[in-house]
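So you can see what is in the structure, the chains are spelled out below.
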Amino acid sequence: MSLHLRYAAISDRGVVRQGNQDSVYAGSHFIAVADGMGGMAAGDLASAIVINTVARLDVPPPEESVADELADTVAEANRAIRRLVADDPDKEGMGTTLTALWFDGEWFNMVHIGDSRAYRMRDGAFEQITVDDTYVQMLVDEGRITAEEAERHPQRSLLLRALGASEVEPAFQTLKGVPGDRLLLCSDGLTGPVSDADIALALQSAATPIEAVESLVGQALEAGAPDNVTVLIADVVEGDPGEQAPIIAGAAADARLAESDTAVLPAIKRGDPAEADEEAESDGEAEPKGKRRGGRVWRTVLACLIVLVLAAGGGLWWVRTHYFIGVSDSGNISVFRGMPVEVAGVEAAWLEIESSRAAEDAVDDVQDDLDEGITADSIEDAESELAELTDAAATNEHLVPLCSSGDSSTDTQPAATADCRES
Ligand code: MN
């Protein structure tokens, strides 16, 4: 009997951290979470390299030598980190956790190092299936502190093992998949602020993987998310779940960090035909609005260009020298680095500056422009454009008028505009 995975994953920067050093990959045969660490912005690089290297294994595993191939690939990822450290001593100390499972339709081959975790919900029973490589876990194992004390221990994030060290000893184990199993892989940004009991409850009550992922990330954010939060859920199912695009997110989805011979990111960006079909269908619409159509064609051309550049091995460097104003996930007018297009379902844009001005406050024309992305030649241009668009002054014509503050002169309000803004 061959089983399948239905999966969803989100990597969120959290509330406090400036960047995201976590990485995640989910595909039909391979799921992995990595949590990078190290100063000089090296943690994101470490997790990005490792995920981009090991995600190559998202293919049906070989009948024999699965464990060897998994170990070899992890060792190769580790060597890639060590090479970077050798080239740049400032990066000494960079490293990453890795919790990854390679699925053959029946068995999971798991590799684990660090304090990212794998859990399993089976028939209502919730179980952690990895053992943290942490100092506090060692104290627990030795009976010197309790598991509850470990959760509040000041040294709780001190790792005993991680990739990036000169000698690494990941733990390997195999697990049999059973239909109905729900697996959770996560970084400590989830397990820090959210209790095991709440995690178990979310896994049990969510109908789908994405519902569970959103619930858990939401809970971590509500709890203040002091660290990057990465959550991956994979359900073991009997029926074919249909076409699912691979997911790559967090630092590993940042093209700047994925520059390597082994990176899977460019392949993912090239390979997914679903988005191309969608674009083609949109272009084939009978009577698209003129302006929209122009934008759509332009985007399609740009997306093709990016794919060509990627195919030529040029990476996404040039994309990263461009900026545009658009709308953030939380609905605010924001500056992005990159291009306002998706390449095969992957966004070629990175949030740079988020304003506190909701895009809904903008007049309709500006909202349309924001949806398309207002391009800028430099970060300075983008910043001044952002300042202009979001200026709170009553005279800012890009925004809907201020709400009347209760005084009687309502006849100065433009009658055509239903909406108004508070400030
Ligand atoms: Mn972390």
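Remember, it's a predicted structure, so these values are computed and weren't measured experimentally.

(A) Inspection of the packing of helix H1 (residues 43-54) against helix H2 (residues 66-87) at higher detail. Running from amino to carboxyl end, H1 crosses H2 at an angle of 145°, the nearest separation of the two axes being 9 Å. Note that H1 runs across H2; the crossing there is right-handed. Residues Leu45, Ala46, Ile49, Val50, Thr53 and Val54 of H1 pack against Thr73, Val74, Glu76, Ala77, Ala80, Ile81 and Leu84 of H2. The class makeup of the residues in the contact of H1 with H2 is 10 nonpolar, two polar and one charged.

(B) The sheet that holds strand S8 (residues 125-128), seen in detail. Read from one edge of the open sheet, five strands run S1-S11-S10-S7-S8, paired in antiparallel fashion. The two strands at the open ends of the sheet, each matched to only one other strand, are strand S1 (4-12) and S8. Each adjacent strand pair in this sheet contributes to an overall mean axis angle of 15°, direction not counted. Pairing between strand S10 (residues 182-186) and strand S11 (residues 229-237): five bridges, direction antiparallel. Paired with Leu183 across the strands is Ala234, a residue of S11. Strands strand S7 (117-122), S8, S10 and S11 of the sheet are contacted by helix H6 (residues 196-205), whose axis makes an angle of about 50° with S7. Packed onto the sheet, helix H7 (residues 209-222) meets S1, S10 and S11 and runs at close to 25° relative to S1.

(C) View of the packing of H6 against H7. It is the contact of H6 with H7, at a shortest axis distance of 8 Å, that shows an interaxial angle of 155°. The angle between the axes of H6 and H7 places the two elements in the roughly antiparallel class. As H6 runs across H7, the sense of the crossing is right-handed. Contacts between H6 and H7 involve Asp198, Ile199, Ala202, Leu203 and Ser205 on the former and, on the latter, Glu211, Ala212, Ser215, Leu216 and Gln219. Among the residues forming the contact of H6 with H7, the class breakdown is five nonpolar, three polar and two charged.

(D) Spatial organisation of the state of the cysteines. Scanning the model with the defined rule gives one disulfide in all. Disulfide pairing places Cys403 opposite Cys420 at an S-S distance of 1.9 Å. Because the sign of the S-S torsion sets the handedness, a value of about 90° for the bond joining Cys403 and Cys420 places this disulfide among the right-handed ones. One end of the pair, Cys403, is in the segment after helix H12 (379-390); the other, Cys420, is in the segment after H12, with 17 residues separating them in the sequence.

Calculation notes
Residues numbered from 1 in each chain as written. Predicted model: local features only at pLDDT ≥ 70, side-chain atom pairs only at ≥ 80, totals over all residues. Heavy atoms only, no water. Axes fitted to C-alpha atoms, helices over the stretch in contact; angles between N-to-C directions. Helix = DSSP H or I, 4+ residues; strand = E, 2+ residues; numbered from the N terminus. Left-handed = near helix turned anticlockwise from the far one by under 90°. Contact = heavy atoms within 4.5 Å. Nonpolar A, V, L, I, M, F, W, Y, C, P; charged D, E, K, R; others polar. Pairing = 2+ DSSP bridges. Parallel < 35°, antiparallel > 145°, perpendicular 65-115°, else oblique. Disulfide = S-S within 2.5 Å.

The analysis is restricted to geometry; functional conclusions fall outside its scope.
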